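Close look at the chain arrangement
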Amino acid sequence: MSSGKYRIWAIDTTDGNVWYTDVTCTTKGQYGCTGMFGNGWWKPNTAKLSHLSVSANGLLLWGVQSSGWVWYLGDGLGGSSTWTRVPAPSGITTISVSGDGSTVWATTSSGQIYQRPGDVTSDWVAIPGYLTDVKVAGDGSTVYGIGGGYAVYYRGCAYPGKK
């Protein structure tokens, strides 16, 4: 994280409402922003989600509703509240966008794994295996997942064509 303004996003687990607050990086250290200043006010967003993933720059948001519908917001810093529903396999429960926004991974309630580029026009690709949760590295080059018995798995080259 470099110096500048950022947005922190959160989901209220009692009702699924999505909230955000703006912060400013006040101290930049070796590993990114080590000091932040915020105004302390959380603002509501129109979405109701059960799972949310945000790219490192705060611009690209991917969310899942409890119904399994997948939503995308491409202007997370601009204050837009216009979410786009993205067609997805049924039963999506978790989702993760890479820090650079180049790839998105998701899992279903039955453990199926899916991946797609970080745009809203590409299709989902089924990935062999079963996971209950998935997270993508910042540059999209590695994906990590939780499987049965809470075993942790990882895979390099997050999607075909990623260099």
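Residues numbered from 1 in each chain as written. Predicted model: local features only at pLDDT ≥ 70, side-chain atom pairs only at ≥ 80, totals over all residues. Heavy atoms only, no water.

Another point: the confidence of the model for the protein chain. Mean pLDDT over the protein chain: 82, with 80% of residues reaching 70 or higher. The low-confidence segment residues 158-163 (pLDDT under 50) makes 16 contacts with residues lying over four places distant or belonging to another chain. (pLDDT = per-residue confidence, 0-100. Contact = heavy atoms within 4.5 Å.)

Okay, unusual backbone geometry next. Unusually for a residue other than glycine, Tyr150 sits at a positive phi of about 65 degrees. Assignment of secondary structure puts Tyr150 in the loop between β14 (142-146) and β15 (152-156). Tyr150 sits in the exposed class, given a relative accessible area of 72%. (Helix = DSSP H or I, 4+ residues; strand = E, 2+ residues; numbered from the N terminus. Buried < 20%, exposed > 50% of the residue type's maximum accessible area, 1.4 Å probe, protein only.)

Another point: the sheet that holds strand β13 (residues 133-136). Backbone hydrogen bonds hold the strands of a sheet together, and the pairing may be parallel or antiparallel. Within the open sheet, the three strands sit side by side as β13-β14-β15. Their pairing is antiparallel. Each having just a single partner strand, β13 and β15 make up the two edges of the open sheet. Across this sheet, the average inter-strand angle for adjacent strands is 20 degrees, counted without regard to direction. Looking at chain direction, β13 and β14 are connected through four bridges and run antiparallel. Bridge assignment links Asp133 to a residue of β14, and that residue is Ile146. (Pairing = 2+ DSSP bridges. Axes fitted to C-alpha atoms, helices over the stretch in contact; angles between N-to-C directions.)

Here we have four strands laid out as an open sheet, ordered β9-β10-β11-β12, and antiparallel in their pairing. Of all the strands in the sheet, just β9 (92-97) and β12 (125-127) have a single pairing partner and so form its edges. Neighbour to neighbour, the strand axes of the sheet diverge by 25 degrees on average, direction disregarded. As defined by bridge partners, strand β11 (residues 113-117) adjoins β12 across three bridges and the pair is classed as antiparallel. In the strand pairing of β12, Gln115 is matched with Val125.

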